[in-house]
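Each chain, letter by letter, is given below.
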Amino acid sequence: MRNPMRMMAATTLISEALVMFFAGLVAKDLSSLSTGTALGITCGLAVVCFVTAGLLRSRAGYVIGSVLQLAIFAVGIWVHTMLFLGVLFGALWIASLVIGSRLEREGAERWALHEAEQAKQERDGEFTEPA
């Protein structure tokens, strides 16, 4: 069974990485930052998003992802359109964690119910192997 929270969080981070790259192209024109600095910051954030998506197998990946959301929001100090992206992806990140953990919990409950039913059938002699 796949981990729903990890899949949702990774999807958010990968999408965010792509948007960060393209936001850098806009940021270089809309901010007081030099072209190199604007592209360096946004491309750096994009790379960190990609790396963090790969780290989601451990709890550290989720912590880094949460800090990353704050960092992207903070970039809005220099590039005001990034405030919108920071809020948008921050909300998606929170939704990924909340909905993903709920899906994991529900899946575990369904699995436990299935296992209990299967054990009951085995005890009662009603168990048949699936074809």
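Look up a bit, the structure's there.
Residues numbered from 1 in each chain as written. Predicted model: local features only at pLDDT ≥ 70, side-chain atom pairs only at ≥ 80, totals over all residues. Heavy atoms only, no water.

Asks: Can you walk me through the packing of aromatic side chains in this structure?
Replies: In this description, a pair of aromatic rings is defined by centroid distance and the angle of the planes. Tallied over the entire structure, the rule returns two aromatic pairs. Ring plane angle 70° and centroid distance 5.2 Å describe the contact between Phe-21 and Phe-22, whose orientation is recorded as edge-to-face. Plain terms: the ring middles of Tyr-62 and Trp-93 are 6.5 Å apart, the flat faces sit at 40° to each other, and that makes the pair tilted. Of this pair, Tyr-62 sits in helix 3 (residues 59-74) while Trp-93 sits in helix 4 (residues 81-124), placing them 31 residues apart in sequence. Of the two residues, Tyr-62 and Trp-93, both sit in the buried class. (Phe/Tyr/Trp six-rings, centres within 6.5 Å; stacked < 30°, edge-to-face > 60°. Helix = DSSP H or I, 4+ residues; strand = E, 2+ residues; numbered from the N terminus. Buried < 20%, exposed > 50% of the residue type's maximum accessible area, 1.4 Å probe, protein only.)

Asks: Which parts of the structure should I look at to understand helix 1 (residues 4-30)?
Replies: An α-helical segment advances 3.6 residues per turn. Residues three or four places apart therefore align on the same side. Over its 27 residues, helix 1 runs 37 Å from end to end, which matches the ideal 39 Å to within 8%, given 1.5 Å per residue. Along helix 1, the positions that sit buried rather than exposed are Pro-4, Met-5, Ala-9, Ala-10, Thr-12, Leu-13, Glu-16, Ala-17, Met-20, Ala-23, Gly-24 and Ala-27. Buried-residue contacts for helix 1 involve helix 2 (35-54), helix 3 and helix 4. The N-cap of helix 1, judged by a side-chain oxygen 3.0 Å from the amide nitrogen of Met-5 a few residues on, is Asn-3. (Expected span 1.5 Å × (residues − 1). Contact = heavy atoms within 4.5 Å. Polar contact = N/O pair within 3.5 Å; in protein donor to acceptor, adjacent residues only side chain to side chain.)

Asks: Looking at this structure, I do not really get the environment of Gly-76. What am I missing?
Replies: Mapped onto the secondary structure, Gly-76 falls in the loop between helix 3 and helix 4. Judged by relative accessible area, which is 2%, Gly-76 ranks as buried. As a C-alpha pair, Gly-76 and Gly-86 span 10 residues in sequence and 7.5 Å in three-dimensional space. Leaving out residues up to four positions away in the same chain, Gly-76 has contacts with Met-82 and Leu-83.

Asks: Could you clarify how one ought to interpret the packing of helix 1 against helix 2 in this entry?
Replies: Describing two packed helices takes the angle between their axes plus the distance from one axis to the other. Contact pair helix 1 / helix 2: the axes reach a minimum separation of 8 Å and the direction vectors enclose 175°. In terms of orientation, helix 1 lies roughly antiparallel with respect to helix 2. The residue makeup of the contact of helix 1 with helix 2, split by class, is 18 nonpolar, four polar and two charged. (Axes fitted to C-alpha atoms, helices over the stretch in contact; angles between N-to-C directions. Parallel < 35°, antiparallel > 145°, perpendicular 65-115°, else oblique. Nonpolar A, V, L, I, M, F, W, Y, C, P; charged D, E, K, R; others polar.)

Asks: Explain the pattern of salt bridges here, please?
Replies: Opposite charge on two side chains makes pairing possible when the charged atoms of those side chains draw close. Applying the stated criterion across every chain, the model contains one salt bridge. Glu-106 is paired through a salt bridge with Arg-102; the nearest N and O atoms lie 3.5 Å apart. Of this pair, Glu-106 and Arg-102 are both found in helix 4, four residues apart, which corresponds to roughly one turn of the helix. For Glu-106, a relative accessible area of 30% gives the class partly exposed. Judged by its relative accessible area of 38%, Arg-102 is partly exposed. (Salt bridge = Lys/Arg side-chain N within 4 Å of Asp/Glu carboxyl O.)

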